[in-house]
Amino acid sequence: ILYLNKGLWKDMEILEEDFIDYSISPAPACENGIYGAQIWLNTDHNSFRHAPEDLYYFSGYQGQYVCIIPSKDLVIVRMGLSNDEEFDFNPILAELLKAFPTNNNF
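A brief structural summary.

The rules behind these values
- Throughout this description, residue numbers start from 1 for each chain and increase along the sequence as written.
- Confidence filtering applies because this is a predicted model: local features only for residues at pLDDT of at least 70, side-chain atom pairs given and counted only at 80 or more, and all residues used for totals across whole chains, interfaces and linings.
- With hydrogens and water set aside, each side-chain value is computed from the structure's full complement of heavy atoms.
- Secondary structure elements follow DSSP: runs of H or I no shorter than four residues count as helices, runs of E no shorter than two count as strands, and numbering proceeds from the N terminus.
- Computation of the radius of gyration draws on C-alpha atoms, with the globule rule given as 2.2 Å multiplied by the number of residues to the power 0.38.
- The contact definition used throughout considers only heavy atoms, calling two residues in contact when any of these lie within 4.5 Å.
- We score Asp and Glu as negative and Lys and Arg as positive, and we do not count His or the chain ends.
- To locate a charge, the coordinates of NZ of Lys, CZ of Arg, CG of Asp or CD of Glu are taken.
- Buried Ala, Val, Leu, Ile, Met, Phe, Trp, Tyr and Cys residues form a nonpolar core when they are joined through side-chain atoms within 4.5 Å.
- Type-normalised accessible area, obtained with a 1.4 Å probe on protein chains alone, sets the label of each residue: buried when under 20%, exposed when over 50%, and partly exposed for intermediate values.
- The arc under discussion is defined with respect to the helix axis, by the directions toward the C-beta atoms.
- The patches reported here contain residues having more than 30% relative accessible area and no salt bridge. Joining distances are 9 Å for like charges and 5 Å for nonpolar side chains (Val, Leu, Ile, Met, Phe, Trp, Tyr).
- Computed with the Shrake-Rupley method and a 1.4 Å probe, the accessible areas treat only the protein chains shown as cover for residues.
- When a carboxyl oxygen of Asp or Glu is within 4 Å of a side-chain nitrogen of Lys or Arg, the pair counts as a salt bridge.
- Any two strands with at least two DSSP bridges between them are considered paired.

**Notes on the overall build of the protein**
Per the secondary structure count, the protein includes two helices and six strands. Across the protein, helices and strands are ordered from the amino to the carboxyl terminus as β-β-α-β-β-β-β-α. Relative to the globule expectation of 13 Å for 106 residues, the C-alpha radius of gyration of the protein, 14 Å, shows essentially globular dimensions. On the principal axes, the C-alpha backbone points of the protein span a range of 40 × 35 × 30 Å. Contacts in the protein between residues far apart in sequence, at least 24 positions, make up 25% of those at least 6 positions apart. With 6 positive and 16 negative side-chain charges, the protein shows a separation of 9 Å between the mean positions of the two kinds.

Right, here's the structure in full:
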């Protein structure tokens, strides 16, 4: 929620907005633009083909995710564990996003 709200909690700035913008912008060392400052980006739908490009996410152990989607004003958290090395969060995310329609075509 802190990232979704550009560093604000209620009316108090916890993180500077410039830091948020920096951390979700493609890192200069990343030629394909798939990550920012330790945050994965959905540039060109490279991670989640059925999700908006403005999605960015934190990827944790065994399929744990925190996905922030500013265009939908939405945060999705998956705390489950998957021992399957081929676990694919994309179909789960696609189904969840159907519950939050927008006018955007992706």
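**Here we look at the nonpolar core**
With twelve residues, the main nonpolar core is built from Phe-48, Ala-51, Leu-55, Tyr-57, Tyr-65, Cys-67, Ile-69, Leu-74, Ile-76, Phe-89, Leu-93 and Leu-97. Where this core is concerned, the elements lending two or more residues are strand 5 (65-69), strand 6 (74-78) and helix 2 (90-97). With three residues, strand 5 is the single largest residue contributor to this core. With sequence-adjacent residues up to four places away left out, Phe-89 is seen in contact with Phe-48, Tyr-65, Cys-67, Ile-76 and Arg-78.

**Notes on unusual backbone geometry**
Apart from glycine, the bulk of residues carry a negative phi angle, and the bulk of peptide bonds sit in the trans form. In this structure, Asp-44 is a non-glycine residue whose phi angle is positive, near 55°. Looking at the secondary structure, you find Asp-44 in the loop between strand 3 (40-41) and strand 4 (56-59). In this structure Asp-44 comes out as exposed when scored by relative accessible area, which is 61%.

**Quick look at helix 2**
By the burial criterion, the buried members of helix 2 are Asn-90, Leu-93, Ala-94 and Leu-97. The buried side chains of helix 2 occupy one side of the element, clustering within an arc of 100° when seen end-on. Those residues of helix 2 that are buried lie in contact with strand 5 and strand 6.

**Thoughts on a negative patch on the surface**
On the surface, Glu-13, Glu-16, Glu-17 and Asp-18 cluster together into a patch of negative charge. Turning to its location among the elements, Asp-18 is positioned in helix 1 (residues 17-23).

**Looking at the sheet that holds strand 5**
Pairing in this open sheet of four strands is antiparallel, and the strands run 3-4-5-6 from one edge to the other. Pairing within the sheet leaves two strands with one partner each, and these edge strands are strand 3 and strand 6. Sheet topology places strand 5 next to strand 6; five bridges connect them, and they run antiparallel. When the bridges of strand 6 are listed, Ile-68 appears paired with Val-75.

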